[in-house]
Amino acid sequence: MNPEPPLNILAKLAFNDVMASMPRITTIPDHPPAQTPASPALAEADRHAHQESLMRRVAANQDRAAFAELFEYFAPRIKSYLMKNGARPDQAEELAQETMISVWDRAETYNPDQARLSTWIFTIARNRRIDFLRKFARPMPDPTDPVFEPDQPAAPGKNLEAAQESERIANALKKLPAEQSELLYKSFFEDKTHGDIAAETSLPLGTVKSRIRLALDRLRKDMKGEDYGR
Amino acid sequence: MADKTTTDTPGRIGHNSSAFCEEKSYEALLMDYAAGTLCLPLSSIVAAHLTLSPASREKVKAFETVGGAMLENNCDPVALSKNCLDQVMSRIMPRCAGQNSQSACTETKIGGITVPSSLKALIDCPIKKRSWKKLQDGFEIYTLRHDRHMRYMLMKLAPDVKMPPHNRKDLEITLVLEGAFEDETGRYERGDMIIMDGESQHAPRADASTGCVCLSGRAMPAKSKIWFGFLFIPFCRNSRA
């Protein structure tokens, strides 16, 4: 498996130091860092399976302990995402709470065949962010709209296909060269224009655009369909 | 006019006039929509495209998967305040049966045309009186919205009618709502969203039997030198800043 870039390892170690020095509310252990020498991929697959089972308990039994464990993992990451997009720490924390409260309220609507848990939670955090920072309700396709064109009826095995495709996309993302994934991250995740990114990284604007295009090209190989609606 | 996006921090896509929709391609637009960084009018159009096109929904889902993967792997966790968990545990309420059931959306009509409900966001701004304006035989437009960046309108072409060629100097976004049209680059049908950029001549012809209704968004010109400029003159400014 490809090793994680050094920057992420340093950041994770720093985070562990900070967390170790803070008073803990619960004693639920942090999940092991992904770069365990034995098998990072297996550790990550285990974590996903474990989180899916926590989510099932939250949905079926309103299990508060399972929810608390999901909160411990996701809320600090949601806070990080929101701060990178311009929220103050106190705002980011409040929005992270609201995101996880939505996860609780809408637990029964989560379908693991449709999306990975992190994808679903990302979309909820993103929508809360738009409501709050951008001050509009995000326009979305409504399946109950009379003009809504329904999905093709699921062929047998399609759900498994969808789950596998999500894994392929996530793995493809990890395999991107750092110089591409960093720019994709800034563009996609930090709401920065290509001009902003060029200024920040001291790269020519053309280089920024072409690296992001290359990153999307690589990811495209894992995305369904050849026709991009022109 | 009540365009909330113009009061946000400069430098964000959709707010900084010189960087409006900087990466002008179909894929980049879907990516920005998935990331939640696209401005309201374009989000409304993309959502309408998604309503009509199942294939496009798959592509957005793929971008959202990228978002989820980045949330897990690229977001260095930020410490929460001491009592954050306690607060959230006290805020979550037992769920009731039927709490997540959705009420059905009613048919949305704009200018007499049935459209995806997400387009309501485009007409959420004051315009004195909306009506269909005939620009020439078989060609009418219905203004939806204009802001400092773009003008959005419905266009109705009668069967087999060809729009007069116009010079496009900047971003143009088209969503086919009914019927179909053809131009030098191909045939476009209901649900197709087409992003065009850069200078070119463009002369679409409506389908010979069904005609065509489209939603069109065009960048506001720097000067009023365009073929239907007489409609733009009261709203035109000298620079796009």
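Each remark here, short or long, concerns the structure printed above.
Residues numbered from 1 in each chain as written. Chains lettered and ligands numbered in written order. Predicted model: local features only at pLDDT ≥ 70, side-chain atom pairs only at ≥ 80, totals over all residues. Heavy atoms only, no water.

(A) View of the pairing of strand E7 (residues 172–183) of chain B. Residue and element names in this part refer to chain B. Here E7 lies mainly inside the structure; nine of its 12 residues are buried. In this structure, E7 lies alongside strand E9 (residues 193–196), joined through four bridges in antiparallel fashion. Of the residues in E9, the one forming a bridge with Thr174 is Ile194. Taken together, the seven bridges between E7 and strand E12 (residues 212–219) define a ladder with antiparallel strand orientation. If you follow Glu178 over to E12, its bridge partner there is Val213. As judged from the four bridges shared by E7 and strand E8 (residues 186–189), these two strands associate in the antiparallel manner. (Buried < 20%, exposed > 50% of the residue type's maximum accessible area, 1.4 Å probe, protein only. Helix = DSSP H or I, 4+ residues; strand = E, 2+ residues; numbered from the N terminus. Pairing = 2+ DSSP bridges.)

(B) Seen up close, the environment of Thr51 of chain B. Locating Thr51 of chain B in the fold gives a position in helix H2 (residues 40–52). Counting along the chain gives 142 residues from Thr51 of chain B to Met193 of chain B, while the straight-line C-alpha distance between them is 11 Å. If near-sequence neighbours (up to four positions away) are discounted, Thr51 of chain B is found in contact with Pro141, Asp142, Asp145, Val147, Phe148 and Glu149 of chain A together with Arg57 and Pro116 of chain B. (Contact = heavy atoms within 4.5 Å.)

(C) How the structure looks around the interface of chain B and chain A. Each partner contributes to the interface: chain B provides 86 residues, whereas chain A provides 100 residues. Around 8,500 Å² of area is buried between chain B and chain A when both sides are counted, 57% of it from carbon and sulfur atoms. Three residues stand out in chain B for area buried against chain A, namely Leu71, Glu72 and Arg95 of chain B, and they jointly supply 10% of the buried area on that side. If you look at where chain B meets chain A, you find six salt bridges. A salt bridge links Arg57 of chain B to Asp151 of chain A; the nearest nitrogen and oxygen atoms lie 2.8 Å apart. Here chain B is connected to chain A by 33 residue pairs in polar contact (both at pLDDT 80 or more). The dominant element in the side of chain B that touches chain A, judged by the number of residues it contributes, is helix H3 (residues 54–73) of chain B, at 17 residues. (Buried area = accessible area lost by both parts, 1.4 Å probe. Salt bridge = Lys/Arg side-chain N within 4 Å of Asp/Glu carboxyl O. Polar contact = N/O pair within 3.5 Å; in protein donor to acceptor, adjacent residues only side chain to side chain.)

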